[in-house]
Amino acid sequence: MGKVLVVYCSMSGNTKAAAEAVAAGAEEAGAEVVLKTGFDAGPEDLVACGAVALGSYDAFSYMGGGLKDFLDRAFYPTQGEVTDKPYGAFVSHGGGGRAIDSVESVAKSFKLAKVDDSVLVKGSPDEAATAKLKALGAKLAAAAGG
Ligand SMILES: Cc1cc2nc3c(=O)[nH]c(=O)nc-3n(C[C@H](O)[C@H](O)[C@H](O)COP(=O)(O)O)c2cc1C
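Residues numbered from 1 in each chain as written. Predicted model: local features only at pLDDT ≥ 70, side-chain atom pairs only at ≥ 80, totals over all residues.

Novice: Tell me what's going on with the packing of helix α1 (residues 14–28) against helix α5 (residues 127–143), and back it up with residues and numbers.
Specialist: Two elements in contact, α1 and α5, have axes separated by 7 Å at closest approach and are oriented at 45°. The orientation of α1 with respect to α5, classified from their angle, is oblique. Seen from above, α1 lies across α5 with right-handed handedness. In this structure, α1 uses Ala18, Ala21, Val22, Ala23, Ala24, Gly25, Ala26 and Glu28 to contact α5, whose residues at the interface are Thr130, Leu133, Lys134, Ala135, Leu136, Gly137, Ala138, Leu140 and Ala141. By residue class, the composition of the contact of α1 with α5 is twelve nonpolar, three polar and two charged. (Axes fitted to C-alpha atoms, helices over the stretch in contact; angles between N-to-C directions. Helix = DSSP H or I, 4+ residues; strand = E, 2+ residues; numbered from the N terminus. Parallel < 35°, antiparallel > 145°, perpendicular 65-115°, else oblique. Left-handed = near helix turned anticlockwise from the far one by under 90°. Contact = placed C-beta atoms within 7 Å. Nonpolar A, V, L, I, M, F, W, Y, C, P; charged D, E, K, R; others polar.)

Next comes the structure, spelled out in structure tokens:
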């Protein structure tokens, strides 16, 4: 069974709900899921997973501090060990959503390989957004070998 890491940050719960939907989609597709906030996750989680979902709220058109903290701490310790690792990204925003560019740009620095279009969610995920997030989780599960 493949392992999918879902790492996210959330101030008021919207991105947390989105992360839980990605996790549910991956789990339903047969993956083992590790769901952690950016502050709780470490480089070892990234190395250990078969695929990773990166989630954030939009904070001034950039990713939130929790995800940034994880990525900053994980960068040097994982270099050379995560090249071409499958990833997907999702952002909850208040009407903008440009934070997704920062997540994708940093993922490129890590040399992660995007499995699908990133999912943008306005506020808390509704039924349609939840379906997209679950589909992203399922794609990551497949890419992780689950
Ligand atoms: C400090 C701060 C800055 C924000 N900046 C933006 C922004 O630039 N663009 C945008 O669309 N939403 C912005 N928002 C709105 C949040 O991204 C949005 O409410 C999101 O759904 C919050 O997700 P959360 O419940 O996971 O914290 C900002 C929110 C905060 C707290």
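Once you've had a look at it, read on.
Novice: Got a sec to walk through the site of the ligand? Specific residues and values, please.
Specialist: Of all residues adjacent to the ligand, which total 19 residues, the nearest are Asn14, Thr15, Tyr57, Gly94 and Gly96. Sorting the residues of the shell around the ligand by element identifies α1, β3 (51–59) and β5 (86–93) as the ones contributing at least two each. Of the residues that constitute the shell around the ligand, the class distribution is four nonpolar, 13 polar and two charged. (Near = placed C-beta within 6 Å.)

Novice: For α5, give the residues involved together with the corresponding values.
Specialist: End to end, α5 covers 24 Å across 17 residues, agreeing with the expected 24 Å (1.5 Å per residue, within 8%). Among the 17 residues of α5, twelve are classified as buried, and the element is accordingly described as predominantly covered. Every buried residue of α5 is accounted for by Ala129, Thr130, Lys132, Leu133, Lys134, Leu136, Gly137, Ala138, Lys139, Leu140, Ala141 and Ala143. Where the residues of α5 are buried, they touch β1 (3–8), α1, β3, β5 and β7 (119–122). (Expected span 1.5 Å × (residues − 1). Buried ≥ 20, exposed ≤ 12 C-beta atoms within 10 Å, placed from the backbone.)

Novice: Residues and numbers for the pairing of strand β2 (residues 32–37), please.
Specialist: With six bridges connecting them, β1 and β2 associate as parallel partners. Looking at β2, one finds that Tyr8 is bridged to Thr37. Read from β1 through α1 to β2, the crossover connection turns out right-handed. (Pairing = 2+ DSSP bridges. Right-handed = clockwise from strand over helix to strand, strands pointing away.)

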